[in-house]
Amino acid sequence: MAELNVYRPFDGGLIRSIPLQSTNDVETAIATAHGLFEDRQAWLAPHQRIEILERVVEIISSQVELLTRLAAEEGGKPYTDSKVEVLRAINGVKLAIEHIPQIKGEQIPMGQTAASVNRLAFTIREPIGVVSSISAFNHPLNLIVHQVIPALAVGCPVIIKPALTTPLSCLRLVEILHEAGLPKGWCQAIVCENEAASKLVTDPRINFLSFIGSSKVGWSLRSQLAPGTRCALEHGGAAPVIVDTSANIEEVVPSLAKGGFYHAGQVCVSVQRVYAHQSFCRELAIKIAEAGEKMKVGDPLNPNTEIGPLILPREVDRVDDWVQEAIEAGAELLSGGKRISDTCYAPTVLLNPPENVRVSQMEIFGPVICVYSYGNKDDAIRRANSLPFAFQAAVFTNDLDNALYLTQRLNATAVMVNDHTAFRVDWMPFGGRDSSGVGLGGIQYSMHDMTRDKMLVFKSPSL
C-alpha cells in the first residue's frame, strides 16, 4: 500500500507516514455512508447525537495540549494561535449541540381558499443525505470541525478528505468521534490523491459537497456535481481595508499587522489591500512595516513565535516572485521582501504597488500587506471592489456617516468596522460571494444547509 509522508513545514522533518487510500477505498466509503442513510433504522436520534457530541467536547477538552501541538507541527501555525484554534473547535462542537433542538419546520396555513379547507400542513427538516467534505491545510482541526460536526449534528453520514499536507488533526478528530460513541460508518476520513477523490464530487450518491480551497478548483468541482447535489464552496479573497482620515492610526496599526501577518498570511480573509487616505498613507504603511519587523518569525512550536512558516517551500518561492515583480514595477518596499529561510518569509509591506501586478490582482496567501493611497472615498471603494473576489472587508473610521457609507458600498459578505478583515467567531455566517464562493459557513448555517424541507399535508373532514 502506498504511503503519505507528513512533514513539518518549518524544518521539513518527518512527523509520520500514513497509508494512502485508493479509488476502491473511496467507493467503499461512499457505499457505506449511502447504505447508512438509506436505512432509516440506522439513523441516530437527536438525543444520541447530542450525547456523542457532548462526549467529544469532553475528550477534546482533555487533550488541548496534544491537539495544539499536533496542529502547530503539521500546519505551521504558531503554538499560541493553534491553541486558539483548538479552543474554537471545542466551541464549534458546543454550538452544534445547542442548535440540534432548533432543527425544525413550520406550520403552513390552510383554509385560505375553498380548495385548501379541511387540511393541516407543516414542514419538517430532514438530513440532506451523504455529505462529502474536502478541506484545506490552514486550520487543520477547526476546518474539519466546521465541515464534519454540522453534518453529524443533523444526522448526515459524512466523508472527509483532509489536505494531504495536514491530515493528522483530521484523523485524530475522527478517532475522537469514534471514542465518543459514533458508529464508524457515520464519519469516515479518506486520505487519498485527487484522482481517487474525484468520486467524492461526481458520485450521484453524494448529496452535499463542502469544499474549502482555491476558486479554480472549487468552481471546477461544482461543474462536476451530479444533478441535485448541493454544495458550499469557500474560496479565497484579497481582503480590502479602507482607512479614513478620522481613524486613530495608533489603534489601526496593530490590528492590520495582526490581520495581515497572522498564520503568515495563509488565511482566506487576511488583510491584503489597505487603502489609506493620501494625507497619512505613508505614515500608516511605515508603522505597519515597523510592527511586522518586531514580530518573531520561526518555529511554530515555540510559544514566543508570532509568525510561522508557509506550508511548503514552493510557496515561499511564489510569494517572493510576486513581491519582486511588484518592486520591479514600482512598488516601494518598506519591510521584508526576502526569505528568512527555505520555509519562512519576512513580514512584508509594499507601498503603492501598481494595480496590474499579482500582489494587487490575486490572493497573496503569504505575509504581505499592500498599502495604497487614495484621494476620495469613492475612488477607494471602486478600487476595493475592482477584483472578482468578495469575502470579508474592513473600514477604519470614527465618523458614523462614513462608516455607513463605506460598509453599504463595499462588495463583501461581511464588513468589519474598526477591526481587521480576518475577524471571525464560529457562530457568525462566514463565506464568500462572486468568485470567492457560494453558501455560508458557520456551525448553524452549515447545519441548515445540510438539511432539506419536507412538507406534510393531512386531509380530514373533521379539521
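Structure shown above.
These lines cover the structure that appears in this document, whether it is placed above or below.

Rules of the game
- Residues numbered from 1 in each chain as written.
- Predicted model: local features only at pLDDT ≥ 70, side-chain atom pairs only at ≥ 80, totals over all residues.
- Heavy atoms only, no water.
- Helix = DSSP H or I, 4+ residues; strand = E, 2+ residues; numbered from the N terminus.
- Rg over C-alpha atoms; globule rule 2.2 N^0.38 Å.
- Buried < 20%, exposed > 50% of the residue type's maximum accessible area, 1.4 Å probe, protein only.
- Contact = heavy atoms within 4.5 Å.
- Areas by Shrake-Rupley, 256 points an atom, 1.4 Å probe, with all protein chains shown as cover.
- Lys, Arg positive; Asp, Glu negative; His and termini not counted.
- Charge placed at Lys NZ, Arg CZ, Asp CG, Glu CD.
- Salt bridge = Lys/Arg side-chain N within 4 Å of Asp/Glu carboxyl O.
- Phe/Tyr/Trp six-rings, centres within 6.5 Å; stacked < 30°, edge-to-face > 60°.
- Lys NZ or Arg CZ within 6 Å of the ring centre and 35° of its normal.
- Polar contact = N/O pair within 3.5 Å; in protein donor to acceptor, adjacent residues only side chain to side chain.
- Patch = residues over 30% accessible without salt bridge, like charges linked within 9 Å, V, L, I, M, F, W, Y side chains within 5 Å.
- Pairing = 2+ DSSP bridges.
- Core = buried A, V, L, I, M, F, W, Y, C linked by side-chain atoms within 4.5 Å.
- Right-handed = clockwise from strand over helix to strand, strands pointing away.

A look at the overall build of the protein
So, step 1. When you go through the protein residue by residue, the secondary structure sums to 16 helices and 20 strands.
So, step 2. The C-alpha atoms of the protein give a radius of gyration of 24 Å, which matches the 23 Å a tight globule of 463 residues would have.
So, step 3. With respect to the three principal axes, the spread of C-alpha positions in the protein is 75 × 60 × 40 Å.
So, step 4. Burial analysis of the protein (463 residues in total) assigns 56% to the buried set.
So, step 5. Of the contacts formed within the protein by residues at least 6 apart in sequence, a portion of 70% connects residues at least 24 apart.
So, step 6. Total accessible area on the protein stands at roughly 19,000 Å², and carbon and sulfur atoms take up 51% of it.
So, step 7. Side chains of the protein carry 41 positive and 50 negative charges; the gap between the two charge centres is 5 Å.

Points about the pattern of salt bridges
So, step 1. As enumerated under the stated definition, the model contains 24 salt bridges in all.
So, step 2. In this structure, Glu250 engages Lys287 in a salt bridge whose closest nitrogen and oxygen atoms are separated by 3.5 Å. Of the two residues, Glu250 is situated in helix 10 (residues 249-261) and Lys287 in helix 11 (residues 281-294); the sequence distance between them amounts to 37 residues.
So, step 3. Relative accessible area serves as the criterion here: at 52%, Glu250 is assigned to the exposed category.

Quick look at the packing of aromatic side chains
So, step 1. The tally for this structure, following the rule as stated, stands at five aromatic pairs.
So, step 2. Geometrically, the ring pair formed by Phe37 and Trp43 is stacked, given 5.2 Å between the ring centres and 25° between the ring planes.
So, step 3. On the numbers, 6.0 Å between centres and 10° between planes, the contact of Phe122 with Phe458 is stacked. In this pair, Phe122 is assigned in strand 4 (residues 119-127) and Phe458 in strand 20 (residues 451-459), connecting sequence segments 336 residues apart.
So, step 4. For Phe458, a relative accessible area of 44% translates into the label partly exposed.
So, step 5. Directly above the ring of Trp43 sits Arg40, whose terminal nitrogen or CZ lies 4.1 Å from the centroid.
So, step 6. Across from the ring centre of Tyr405, 4.5 Å away, lies the NZ or CZ of Lys377, which sits over that ring.

Quick look at the side chain of Thr229
So, step 1. Here Thr229 lies in the loop between helix 9 (215-223) and strand 9 (230-234).
So, step 2. A distance of 2.8 Å separates the side chain of Thr229 from the backbone oxygen of Ile206, its partner in a polar contact.
So, step 3. Filtering out sequence-adjacent residues up to four positions away, Thr229 remains in contact with Ile206, Asn207, Phe208 and Leu209.

Observations regarding a nonpolar patch on the surface
So, step 1. A cluster of nonpolar residues, Leu120, Phe458 and Leu463, forms a patch on the protein surface that exposes about 280 Å² of accessible area.
So, step 2. In this structure, Leu120 sits in strand 4.

Concerning the sheet that holds strand 4
So, step 1. With antiparallel pairing, the three strands of this open sheet are ordered in space as 3-4-20. What marks the edges here is a single partner per strand, and that holds for strand 3 (107-108) and strand 20.
So, step 2. Alignment of strand 3 against strand 4, held across two bridges, turns out to be antiparallel. When the bridges of strand 4 are listed, Gln107 appears paired with Phe122.

Here's the deal with the sheet that holds strand 5 (residues 131-134)
Neighbouring strands of a sheet are bound in pairs by backbone hydrogen bonds; such pairs are parallel or else antiparallel.
So, step 1. Strand order in the open sheet formed by six strands is 7-6-5-8-9-19, and the pairing between neighbours is mixed. The sheet terminates laterally at strand 7 (187-189) and strand 19 (437-438), the two strands that pair on one side only.
So, step 2. In this sheet, strand 19 lies alongside strand 9 in antiparallel orientation, the contact comprising two bridges. Bridge assignment links Leu233 to a residue of strand 19, and that residue is Val438.

A look at the side chain of Lys161
So, step 1. Its place among the elements puts Lys161 in strand 6 (residues 158-161).
So, step 2. Buried charge without a partner: Lys161 forms no salt bridge, and the closest opposite charge is Glu193, 7.1 Å away.
So, step 3. Apart from residues lying up to four places away in sequence, Lys161 is in contact with Ser133, Ile134, Ser135, Ile190, Cys192, Glu193, Asn194, Ala197 and Leu200.

Structural notes on the nonpolar core
So, step 1. One finds Ile242, Val243, Leu256, Val274, Leu284, Ile288 and Val371 to be the most contacted residues of the largest nonpolar core, which totals 60 residues.
So, step 2. Apart from residues lying up to four places away in sequence, Ile288 is in contact with Val253, Leu256, Phe261, Val349, Ile369 and Val371.
So, step 3. Counting 47 residues, the second-largest nonpolar core is a separate cluster that includes Ala89, Val154, Val174 and Cys187.

Quick notes on the environment of Pro183
So, step 1. On the secondary structure map, Pro183 appears in the loop between helix 6 (168-179) and strand 7.
So, step 2. Each C-alpha atom, one on Pro183 and one on Leu44, is 9.3 Å from the other, the two residues being 139 residues apart in sequence.
So, step 3. Not counting residues within four places of it along the chain, the set of residues in contact with Pro183 comprises Leu44 and His178.

Let's talk about the pairing of strand 11 (residues 273-277)
So, step 1. Within strand 11, five of the five residues are buried, which leaves it mostly tucked inside the rest of the structure.
So, step 2. Note that strand 10 (residues 240-243) and strand 11 share four bridges and pair parallel. Counted as the bridge partner of Val241 is Val274 from strand 11.
So, step 3. Assessed by its sense of winding, the connection that carries the chain from strand 10 through helix 10 to strand 11 is right-handed.
So, step 4. Judged from the five bridges that link them, strand 11 and strand 14 (residues 368-374) form a sheet pairing that is parallel. Bridging from a neighbouring strand, His277 pairs with Tyr374 of strand 14.

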